[in-house]
Amino acid sequence: MPVATNTKRNLVTAALVAPAAAWLMIFLVLPFIAMLVFAFGERAPEGGYQAAFTFAQFARLPTRAAAFWNTMVLAPVGALVCLLVAYPVAYYLAVKANPRYRLILVSLVVVPFWTSLLVRTYAWMYILGSRGIPNLLSMIGLEDVRLLNTPGAVLLGIVYGYLPLMIMPIYVSLEKLDRRLLEASADLGAKPVSTFFGVTLPLSLPGVMTGVALVTILLLGEYLIPQLLGGGKVFFIGNALVDLFLQSRNWPFGSAIAVTLVAVVVVILMVAMRIAFRVAGTRQVDLV
Amino acid sequence: MRAFISSVYIFLYAPIALVVLFSFNAGRSASEFTGFSTAWYGKALGNTFLVSALQNSLMIAFTSATLAAIFGTMAALGMERLAPRNRAIFDALFAAAIVVPGVVIGIATLVALVAVFSFVNPALATIWPGEQPPQLGLGYGSIIAAHGLFSMALVTMIVKARIASLGRDIVEASSDLYATPLTTFRLIVLPQILPSILAGFLLAFTFSFDDFIIAFFVAGSKTTLPIYVFASIRRGVTPEINAIATLVLVASLLLILTARILMRDKKPKSGE
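Calculation criteria
- Each chain has its residues counted from 1, running along the sequence as written.
- Chain letters and ligand numbers both follow the written order, the letters beginning at A and the numbers at 1.
- Only residues with pLDDT of 70 or above have their local features reported here, since the model is predicted, and side-chain atom pairs are shown and tallied only from 80 upward, although totals for entire chains, interfaces and linings are computed over all residues.
- Labels follow the DSSP assignment, with helices taken as runs of H or I lasting at least four residues and strands as runs of E lasting at least two, numbered in each case from the N terminus.
- The globule rule used here is 2.2 Å times the number of residues to the 0.38 power, and the radius of gyration it is set against is calculated over C-alpha atoms.
- The burial label depends on the number of other C-beta atoms within 10 Å of a residue's C-beta. Counts of 20 or more mean buried, 12 or fewer mean exposed, and intermediate counts mean partly exposed, with C-beta atoms placed from the backbone.
- Once C-beta atoms are placed from the backbone, any two residues with those atoms within 7 Å are in contact.
- Here the expected length of a helix is defined as 1.5 Å per residue gap, with one fewer gap than residues.
- At every residue, the bend is computed as the angle between two fitted axes, covering the seven residues ending there and the seven beginning there respectively.
- In predicted models, pLDDT denotes the confidence assigned by the predictor to each residue on a 0 to 100 scale.
- Note that the domain bounds reflect an automated or database-derived domain assignment.
- Each residue gets one label: Ala, Val, Leu, Ile, Met, Phe, Trp, Tyr, Cys and Pro are nonpolar, Asp, Glu, Lys and Arg are charged, and the others, such as Gly, are polar.
- Take the buried Ala, Val, Leu, Ile, Met, Phe, Trp, Tyr and Cys residues, join any whose C-beta atoms are within 7 Å, and the set you get is a nonpolar core.
- What counts as an axis is a line fitted to C-alpha atoms, over the stretch in contact for a helix, and the angles between N-to-C directions run from 0 to 180 degrees.
- Roughly parallel means an angle under 35 degrees; roughly antiparallel means over 145; roughly perpendicular covers 65 to 115; every other angle is labelled oblique.
- Note: crossing handedness is left-handed where the near helix turns anticlockwise from the far helix by less than a right angle, and right-handed where it turns clockwise.

Chemist: So, the overall build of chain A: which residues are in play, and what are the values?
Modeler: Across its full length, chain A holds 12 helices and two strands. Reading chain A from its N terminus to its C terminus gives the helix and strand order α-β-β-α-α-α-α-α-α-α-α-α-α-α. Compactness check: chain A gives a C-alpha radius of gyration of 24 Å against a globular reference of 19 Å for 288 residues, more than 25% above the reference. Within chain A, buried positions represent 45% of all 288 residues. Sequence separation of 24 or more characterises 74% of the internal contacts of chain A that already satisfy a separation of 6 or more.

Chemist: Got a sec to walk through the overall build of chain B? Specific residues and values, please.
Modeler: When helices and strands are tallied, chain B shows 11 helices and zero strands. Going from the N terminus to the C terminus, chain B shows its helices and strands as α-α-α-α-α-α-α-α-α-α-α. For chain B, the spread of C-alpha atoms along the principal axes amounts to about 70 × 70 × 30 Å. In chain B, which comprises 272 residues, the share counted as buried stands at 44%. Within chain B, residue pairs in contact and separated by at least 24 positions form 79% of the contacts whose partners lie at least 6 positions apart.

Chemist: Can you explain helix α3 (residues 65–96) of chain A? Please cite residues and give values.
Modeler: Given a rise of 1.5 Å per residue, 32 residues ought to cover 46 Å, and the 45 Å separating the end C-alpha atoms of α3(A) matches this to within 8%. By the largest-angle criterion, Ala86(A) marks the main kink of α3(A), which is about 30 degrees, and a proline, Pro88(A), follows within four residues.

Chemist: Can you lay out the environment of Ala52(A) for me, pointing to particular residues and giving the numbers?
Modeler: Residue and element names in this part refer to chain A. Relative to the helices and strands, Ala 52 resides in the loop between β2 (49–50) and α2 (56–59). Given 12 C-beta atoms within a 10 Å radius, Ala 52 is considered exposed. With residues near it in sequence (within four places) discarded, Ala 52 still touches Gly 41 and Glu 42.

Chemist: Hey, could you go over the confidence of the model for chain A for me, with residue numbers and the actual values?
Modeler: As a general rule, the predicted coordinates of low-pLDDT regions are not to be interpreted in detail. With 95% of its residues at a pLDDT of 70 or more, chain A shows a mean pLDDT of 88. Confidence drops under pLDDT 50 across residues 283–288 of chain A; counting only partners more than four residues distant or on other chains, this segment forms 16 contacts.

Chemist: Please provide a residue-by-residue account of unusual backbone geometry, values included.
Modeler: In this structure, Asn149(A) is a non-glycine residue whose phi angle is positive, near 65 degrees. You can call Asn149(A) partly exposed: it has 19 C-beta atoms within 10 Å. The backbone phi angle of Tyr178(B) is positive, close to 70 degrees, even though this residue is not glycine.

Chemist: Explain the domain arrangement of chain B residue by residue, including any values.
Modeler: Residues and elements named next belong to chain B. Domains assigned within chain B are domain 1 (1–37) and domain 2 (49–263). Between the C-alpha centres of domain 1 and domain 2 there is a distance of 32 Å. Listed per partner, the contact involves eight residues of domain 1 and eight residues of domain 2. For the side of domain 1 that touches domain 2, the residue count by class is five nonpolar, two polar and one charged.

Chemist: How would you sum up helix α5 (residues 117–128) of chain A? Please name residues and give values.
Modeler: Because each turn of an α-helix spans 3.6 residues, side chains separated by three or four positions in sequence point in the same direction. All names here are of chain A. With 12 residues, α5 ought to run about 16 Å at 1.5 Å a step, and its terminal C-alpha atoms sit 17 Å apart, in line with that. Burial within α5 is extensive, with 12 of its 12 residues counted as buried. Along α5, the residues classified as buried are Leu 117, Leu 118, Val 119, Arg 120, Thr 121, Tyr 122, Ala 123, Trp 124, Met 125, Tyr 126, Ile 127 and Leu 128.

Chemist: Summarise the nonpolar core; cite the residues concerned and give the values.
Modeler: One broad rule of soluble globular proteins: the nonpolar side chains tend to lie buried together. Among the nonpolar cores identified, the biggest contains 175 residues, and Ala90(A) and Ile107(B) are the most heavily contacted of them. Counting residues per element, this core draws most heavily on helix α7 (residues 151–176) of chain A, at 16 residues. A domain-level breakdown of this core finds at least three residues from each of domain 1 (1–37) and domain 2 (49–263) of chain B. Contacts of Ala90(A), omitting those with residues within four sequence positions, involve Ile167(A), Ile170(A), Tyr171(A) and Leu174(A).

Chemist: How would you sum up the interface of chain B and chain A? Please name residues and give values.
Modeler: Chain B puts 69 residues into the contact, and the matching count from chain A is 68 residues. Residue contributions to the side of chain B that touches chain A peak at 10 residues, all from helix α5 (residues 102–127) of chain B. Across the side of chain B that touches chain A, the residue classes tally to 53 nonpolar, 12 polar and four charged.

Chemist: Now, about the environment of Pro88(A): what can you tell me, with residues and values included?
Modeler: Relative to the elements of secondary structure, Pro88(A) occurs in helix α3. On the neighbour-count criterion, Pro88(A) (16 C-beta atoms within 10 Å) is partly exposed.

Chemist: Pulling in residues and values, what's your account of the packing of helix α4 (residues 99–113) of chain A against α7(A)?
Modeler: Residues and elements named next belong to chain A. The N-to-C vectors of α4 and α7 enclose an angle of 135 degrees; their axes lie 8 Å apart at closest approach. It follows from the interaxial angle that α4 and α7 lie oblique. Two packed elements cross with a definite hand, and for α4 against α7 that hand is left-handed. For the pair α4 and α7, the contacting residues are Val 106, Val 109, Val 110, Pro 112 and Phe 113 in the first and Pro 164, Leu 165, Ile 167, Met 168 and Tyr 171 in the second. Looking at the contact of α4 with α7 residue by residue, the class counts come to 10 nonpolar, no polar and no charged.

Chemist: Which residues make up the environment of Glu131(B), and what values go with them?
Modeler: Residues and elements named next belong to chain B. Structurally, the position occupied by Glu 131 is in the loop between α5 and α6 (140–164). Owing to 5 C-beta atoms within 10 Å, Glu 131 belongs among the exposed residues under this scheme. The spatial distance from the C-alpha of Glu 131 to the C-alpha of Met 263 is 53 Å, given a sequence separation of 132 residues.

Chemist: I'd like a rundown of the packing of helix α3 (residues 48–79) of chain B against helix α8 (residues 181–210) of chain B, residues and numbers included.
Modeler: Any two packed helices are characterised by the angle at which their axes cross and by the distance between the axes. Residues and elements named next belong to chain B. Closest axis-to-axis distance for the α3/α8 pair is 8 Å, and the angle between their directions is 145 degrees. The handedness of the crossing between α3 and α8 is right-handed. Residues Ser 57, Ile 60, Ala 61, Phe 62, Ser 64, Ala 65, Ala 68, Ala 69, Gly 72 and Thr 73 of α3 form the contact with α8, whose own contacting residues are Ile 197, Gly 200, Phe 201, Ala 204, Phe 205, Ser 208 and Phe 209. Class assignment of the residues belonging to the contact of α3 with α8 gives a composition of 11 nonpolar, six polar and no charged.

Chemist: Which residues make up the confidence of the model for chain B, and what are the values?
Modeler: For chain B, per-residue confidence averages 89 on the pLDDT scale, and 96% of positions sit at 70 or higher. In the model output, the complex is listed with pTM 0.90 alongside ipTM 0.89.

Pasting the structure below:
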C-alpha cells in the first residue's frame, strides 16, 4: 500500500476514536487519578480536600468496619442466593422452554433489569412497609411485625434487583452449549443427573462466573437498596461513601474507602476471569 | 420445575404490578384498594418541581445518549482499524466504564471536576475581560459527561458486536466496484449497523433516565427525576410516588422493548 494512503487511513482511524478516547481520558482515567491523589490527602478544616501525602486515611478504614462487614457479607450471600434462583430459570429458558415462547420469556427477564432500580426497590419498601404486609398481618392478629429495615429486607431487595443480571449470562452460556454433547452423554449411558453435573454444569461455568462476578461487584457499590430497605440500620460501603462525600464532606477519607473498594473489585474480576478462562478457554463477557 | 419458574416470574412482576395498581387507588392506603381514581396522576403532573425534574432528566438523557451514539459508533468503527495492542487498551477502558460501580464513578467524577474547577475558575477570572467571569460548576454538564461515559461504552459494545457479525465480502465487493470508502459506508455498512446504533441509543437513554447514584454525586444543585423521587420517598410513601413510578416504568418499558426489537437478529446472537 502506498505511504500516502496509509497515512490517510491512520488519520481517519485516529479521528474516529479520538472523541471516545478523550472522553475516557477526561471522565474515567483522570477521575481515578484524582481519587487516588485525594486518598492520600487530608481533610480541609471547612471540608473537602487539602494537599498532603499521608496514609492516615487508610489507617482510619477500621472506623467504617461495620459498613465493610455488611457489604462483604451481604454482597456475596446476595450473589449466591441470586445464583441459586437464577440457574434453574436460565436452564429452563435455554434447554426446556418451548422455542416459540423463548424470546418472550427471555425478554420478560431482561426488561426488569433495564427499568429503574429506584422504582423496583421502592416497590418492596411499599410492600414491606407498615401499611403493606405488616398491616395485613395485624388484621389476622399478628401485631407489630417489622419487615422493613432488617438485613432480610435488604437481602430480598438485592435478590429482586439483581436476579435478571444473574440469569442473563448463565442463559447465554447454556444456550451456546452444543446439544450433541448432551445426546452423546446420554448415548454413552449417563443418567440425566450425571450428564448435568458432568457436562452441562461445567460448560456453563463461564456464564456462572460472569454472573457472580458482575452481581457481586455491582452489589459492593450498592447504595439504594440498603438505604431504602435497610433504613440506616443495615448500611453498605456505598452508604458510608454518600455520607462522607455529601454530608460530612470528608473527601480524602471517602476517596480512601472508594480506592479500597476498587481494589476489591479488581481482585474479584481477576479471580473470576482466571477461573472462567481456565474452564472455557475464552473470555467472553456478555452484559446486555 | 414449571412451578418454580412461574413463581420466579411472579416474584419479578408482582411488586411492580402492585405499585401500578395502587397508583390508581382513590385512598391513601397501601394495603386496601378503596376505588379507582387517576387523581394521583393529576396531582403528580401538577407538581412543578416534579415536572421540571422530569424535563431535566429528559434533556440529560437525550443529550448523553446522542453523544454516546455518535462517538460510540465512531469508536466501534475505528477500533476495528487499530493495532491489537491499542484495541486492547480501549477494550479494557470501556469494560472498566461498565463494570466499575456507579458510586465510584460518581465520586471519582465529583473529585476530579471539583479539582479541575479550582484551577480553572481563578484562571478564567484573571483572563476574563468583562466584569463577571463565568464560573464553571457541577450541573447538567457534569451529569451528561458521567452518563456519557457508561453510555459510550455500552453503544461501542453493541455496535462492535454487530460489525463483527457483518459479512466482509459485500464491503469488498463495493470497493471492487469503485465505490469510495465513504459511499461504501453510507450505502453498505451504515444501513446494517443502524438498528444496533438505535438500540444502543435507547439503552443509553434508559440508563441515563433511570440513573440515581451517579447523578446524586455530580448534579450539584440540579435535580433529576430519580433524585426528586428519592427525596420524596424519604419524606414518606404516598400514592403520588406510585403514579410517578408507574410513568417511569412505562417510559423505560417502551424504550427497552423497542431496543430489543431493533437488536433482534435473524440468527440468535449472544448478549441478550
